[in-house]
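# Remarks on the overall topology
Okay, here's what each chain looks like letter by letter:
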Amino acid sequence: MYDVIILGGGPAGLTVGLYTGRAKLKTVIFEANNIGGNAAWIDQLDNYPGFPQGISGPELMANFHQQAERFGVETRMEEIIKIETLPEGKKVTTNEGEYLARAVVITLGAKRRELQVPGEQEFKGSGVSYCATCDAAFFAECEVAIVGGGDSAVNEALFLSNIASRVYLIHRREGFRANQTAVDKMLANDKIELRLNKVVSRIEGDGIMKQVILQDVNTKSEEILEVEGLFVSVGLVAAAEFLEGVVDMEDGYIITDEDMRTSVEGIFAAGDIRVKRSRQVATAVGDGAQAGMAVTAYLKE
Ligand code: NAP
């Protein structure tokens, strides 16, 4: 029996653990993939306060993890299958066992959205990638493309330009969602070539990906880009399918109040998985701190 089970080991979950660990609550974090979540794939974070020269995502997340562990938080690399409310507490079923807790905090974050165009599934892992920091090394001195106009796409285009010989950034309009500092850096980088007002209409190849077909959103004319890699960076979707029917949700994201309480007593949610405006490491940390304090108060009551 745990006091608190945290589902997801990204910035929000690690922060909840820091707070509940310091409150001496018996806490475990379940993480299916990698500690740090999506933040651990960010090459350089310049907007997380406290690091004047910026810090790499993996280093920051390793620090978060060590800090939570310092207060006795346990980590288990297991995949969550189910959450149930029983008279004796919340039961969490993973691929390895069943666990009980007095409270659960869901911090499962979000995963990369897919393009849903022909060829995407076929060439996943054979040219199509969703993580530039993980896969860029396979494309040293190659021509690659990246789709998207947010912080992820622009930062990853900059990162890829250090490794690939040319980077095409494909975006469906002319304005960017990414912060202006990163956009200016990208515009000044002569290894990055923009393809604006274009969408990917299909991905073609022969065993491995060979080319990406772009369509102009206005003229509908097509362009063939012969590239060896296509990085898809078109936003996030909540990673919460198994929570349908467990807590109230909206468009796949969990609805919470300001204390991160969900519609079910004893279940809290924090970070990218909840309905909210901004999804940044700093805002996930704020959510995590709030949830950590709220769950501590709830268990004391
Ligand atoms: P995002 O901000 O939601 O941007 C997604 C981009 O993909 C948008 O430009 C969108 O175009 C485009 N898009 C969406 N669906 C598309 C489709 N089907 N086809 C083509 N383009 C499509 O997502 P993100 O860049 O992954 O960032 C997610 C969150 O993490 C954001 O809050 C971001 O600020 C944060 N983040 C922060 C950092 C950092 O601060 N260091 C790094 C990475 C991410 P439109 O603009 O036309 O909608």
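The following refers to the structure shown. (Residues numbered from 1 in each chain as written. Predicted model: local features only at pLDDT ≥ 70, side-chain atom pairs only at ≥ 80, totals over all residues. Heavy atoms only, no water.)

## Let's talk about the overall build of the protein
Our working rule: Under the DSSP-based scheme used, a helix requires at least four consecutive residues in state H or I and a strand at least two consecutive residues in state E, with every element numbered from the N terminus. With the radius of gyration taken over C-alpha atoms, the globule rule is written as 2.2 Å times the number of residues to the power 0.38. For every residue, the accessible area obtained with a 1.4 Å probe (protein chains only) is divided by the maximum for its type, and the residue is called buried under 20%, exposed over 50%, and partly exposed between those limits. Only heavy atoms enter the contact rule, under which two residues are in contact if any of them lie within 4.5 Å. The protein chains shown are the only cover counted for residues, whose accessible areas, like all others here, come from Shrake-Rupley with a 1.4 Å probe. All tallies of charge rest on Lys and Arg as positive and Asp and Glu as negative; His and the ends of each chain are not included. One atom stands in for each charge, and that atom is NZ of Lys, CZ of Arg, CG of Asp or CD of Glu.
A count of helices and strands for the protein gives six helices and 19 strands. The C-alpha radius of gyration of the protein comes to 21 Å, within 12% of the 19 Å expected for a compact globule of 301 residues. Projecting the C-alpha coordinates of the protein onto the three principal axes gives extents of approximately 65 × 40 × 30 Å. Across the 301 residues of the protein, 50% fall into the buried class. Of all intrachain contacts in the protein linking residues separated by at least 6 positions in sequence, the fraction that spans at least 24 positions is 57%. Here the protein has roughly 14400 Å² of accessible surface; of this, 47% comes from carbon and sulfur atoms. Taken as two groups, the 30 positive and 44 negative side-chain charges of the protein have centres that lie 4 Å from each other.

## Overview of the state of the cysteines
We count it as follows: Disulfide: a pair of cysteine sulfur atoms within 2.5 Å of each other.
Under the definition given, this model contains one disulfide. The thiol of C142 is unpaired, and the distance to the nearest cysteine sulfur, on C134, comes to 17 Å. The exposure class assigned to C142 is buried, which follows from its relative accessible area of 10%.

## A word on the side chain of E78
Here is the rule we go by: In protein, a polar contact means a hydrogen-donor-capable atom and an acceptor-capable atom, both N or O and within 3.5 Å, with residues adjacent in sequence counting only if both atoms are side-chain atoms; elsewhere, any N or O pair within 3.5 Å suffices.
Mapping E78 onto the fold places it in the loop between β3 (74-76) and β4 (80-86). Take E78: its relative accessible area is 4%, and that puts it in the buried class. Within polar-contact distance, the side chain of E78 engages the side chain of Y99 at 2.8 Å. In contact with E78, other than residues within four places in its own chain, are F30, E31, A32, T94, N95, E96, G97 and Y99.

## As for the site of the ligand
The condition is simple: We call a residue near a molecule or strand when any one of its heavy atoms sits within 4 Å of it.
Around the ligand sit 19 residues, and of these N47, D151, R173, R177 and Q280 come closest. A distance of 2.7 Å is found between an oxygen atom of the ligand and a side-chain nitrogen or oxygen belonging to N47. Contacts to the ligand include R279, whose backbone N or O atom sits 2.9 Å from an oxygen atom. For the ligand, whose accessible area on its own is 910 Å², the fraction buried by protein is 82%.

## Focus on unusual backbone geometry
The phi dihedral of K220 is positive, around 65 degrees, even though this residue is not glycine. When you line up the elements, K220 lands in the loop between β13 (208-216) and β14 (222-225). With a phi angle near 50 degrees, D251 is a residue other than glycine that sits in the positive phi range. Within the secondary structure, D251 is located in the loop between β17 (249-250) and β18 (253-254). Owing to a relative accessible area of 71%, D251 belongs among the exposed residues under this scheme.

## Things to note about the environment of K91
Relative to the helices and strands, K91 resides in strand β5 (residues 89-94). Those residues in contact with K91, other than ones at most four positions away along the chain, are K82, I83, E84, L86, E98, Y99 and L100.

## Side note on the sheet that holds strand β12 (residues 198-206)
How we decide: Only strands that DSSP links by at least two bridges are regarded as paired with each other. Under this scheme, a helix contributes an axis fitted over its contacting stretch, all axes are lines through C-alpha atoms, and angles between N-to-C directions fall in the 0 to 180 degree range.
Here we have three strands laid out as an open sheet, ordered β12-β13-β14, and antiparallel in their pairing. Strands with a single pairing partner mark the edges of an open sheet, and in this sheet they are β12 and β14. Ignoring which end each strand starts from, the neighbouring axes of this sheet average 25 degrees apart. Where β12 lies against β13, eight bridges are found, and the strand directions are antiparallel. Residue pairing for β13: E204 is matched across the bridge by Q211.

## Here we look at the pattern of salt bridges
The criterion, for reference: In what follows, salt bridge is the name for a side-chain nitrogen of Lys or Arg lying within 4 Å of a carboxyl oxygen of Asp or Glu.
Evaluated as defined, the whole model comprises 18 salt bridges. Here R102 and D3 are joined by a salt bridge, their closest N and O atoms 3.0 Å apart. With R102 in strand β6 (residues 98-106) and D3 in strand β1 (residues 2-7), this pair connects stretches of sequence that are 99 residues apart. By relative accessible area, which is 36% here, R102 ends up partly exposed. Across the pair D259 and R261 runs a salt bridge, and its minimum N-O distance is 3.7 Å. Each of R166, E193, R195, K198, D216 and E223 takes part in salt bridges that share partners, so that together they form one network.

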